[in-house]
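Residues per chain, in single letters:
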Amino acid sequence: MSTEQTGSAYADVTDADLLTRHTAGDRDAFGELVRRHRDRLWAVALRTLGDREEAADALQDALVSAYRAAGRFEGRAAVTTWLHRIVVNACLDRARRRAARPAVPLPEDLDQRLPAPVHEDPAIRGETRAAVLAALATLPAEQRAALVLVDMEGYPVDEAARILQVASGTIKSRCARGRAKLLPLVRHLREAGPPGPSRVSGNPGAGQSVPSTDDRPRAGGPTPDAGGTSMEGGGTR
């Protein structure tokens, strides 16, 4: 069955029902759930880790873990919150392991690996992405994850708190500390061009957000396998 046919077959099925069907033996249900949310999950993984291969591996591990743990989903949070929690945990695990190893600089062509928003100047795109991703890499993993969810993905603080399983105040504190460290590193992006949603100005404050890299996966690009039994890899928390 093609992706289009699969999506059409589940058009009126909720995410929670897809998980129920998956645990009941529906071989296509989990793949449909991943198809619905993979772009945003991929963006979170890539922005959190700043490395395409690391992000792909983390997302693969997370989807395997979700596939296996679906029967334990209790419905206390939205399915998307549950999926994001597993993905972010997988990314944080990798970020912590990487922090324990010698530092590896971000690849020079990282900005070329990420798709550009339509009509964006390639020069601005490259400068913005390279600067933001390099600056994000300097933050502790927990602050980075909070900023990615709140400032880059637009999640409300309370939802980000549920994803990361911490208090809302902790998210606010992590974002504030992360912005204070991050914004001075990318303030020159504001000075280089006219004001816009991807520019930063002034002193870092609680109400300012970091620039977005808009790093959605390219159409037809490498996206971790969404199928269930064909996926291999370790689980996550």
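These remarks concern the structure in this document. (Residues numbered from 1 in each chain as written. Predicted model: local features only at pLDDT ≥ 70, side-chain atom pairs only at ≥ 80, totals over all residues. Heavy atoms only, no water.)

### As for the environment of Leu63
Right, so step 1: By secondary structure assignment, the location of Leu63 is in helix α4 (residues 52-69).
Right, so step 2: Residue classification places Leu63 among the buried positions, given a relative accessible area of 3%.
Right, so step 3: For the pair Leu63 and Val34, spaced 29 residues apart in sequence, the C-alpha to C-alpha distance is 8.1 Å. (Helix = DSSP H or I, 4+ residues; strand = E, 2+ residues; numbered from the N terminus. Buried < 20%, exposed > 50% of the residue type's maximum accessible area, 1.4 Å probe, protein only.)

### Examining the pattern of salt bridges
Right, so step 1: Taken as a whole and judged by the stated rule, the model has 12 salt bridges.
Right, so step 2: Across the pair Asp15 and Arg36 runs a salt bridge, and its minimum N-O distance is 2.8 Å. Residue Asp15 is found in helix α2 (residues 15-23), and its partner Arg36 is found in helix α3 (residues 29-49); the two are separated by 21 residues along the sequence.
Right, so step 3: Judged by relative accessible area, Asp15 falls into the buried class, the value being 16%.
Right, so step 4: Residues Arg47 and Glu153 are paired through a salt bridge, measuring 2.4 Å at the closest nitrogen-oxygen approach. One end of the pair, Arg47, is in helix α3; the other, Glu153, is in the loop between α8 (141-152) and α9 (157-164), with 106 residues separating them in the sequence. Glu153 shares its class with Arg47; the two are buried. (Salt bridge = Lys/Arg side-chain N within 4 Å of Asp/Glu carboxyl O.)

### Details of the nonpolar core
Right, so step 1: Core analysis: the biggest nonpolar cluster contains 57 residues, and Leu19, Trp82, Val88, Leu149, Leu164 and Ile171 have the highest contact counts within it.
Right, so step 2: Of all the secondary structure elements, the ones that give two or more residues to this core are α2, α3, α4, α5 (79-99), α7 (122-136), α8, α9 and α10 (168-186).
Right, so step 3: With residues up to four places along the chain from it excluded, the contact list for Trp82 reads Leu19, Ala66, Ala69, Ala70 and Phe73. (Core = buried A, V, L, I, M, F, W, Y, C linked by side-chain atoms within 4.5 Å. Contact = heavy atoms within 4.5 Å.)

From the geometry alone we can't say anything about function, so treat these as descriptive.
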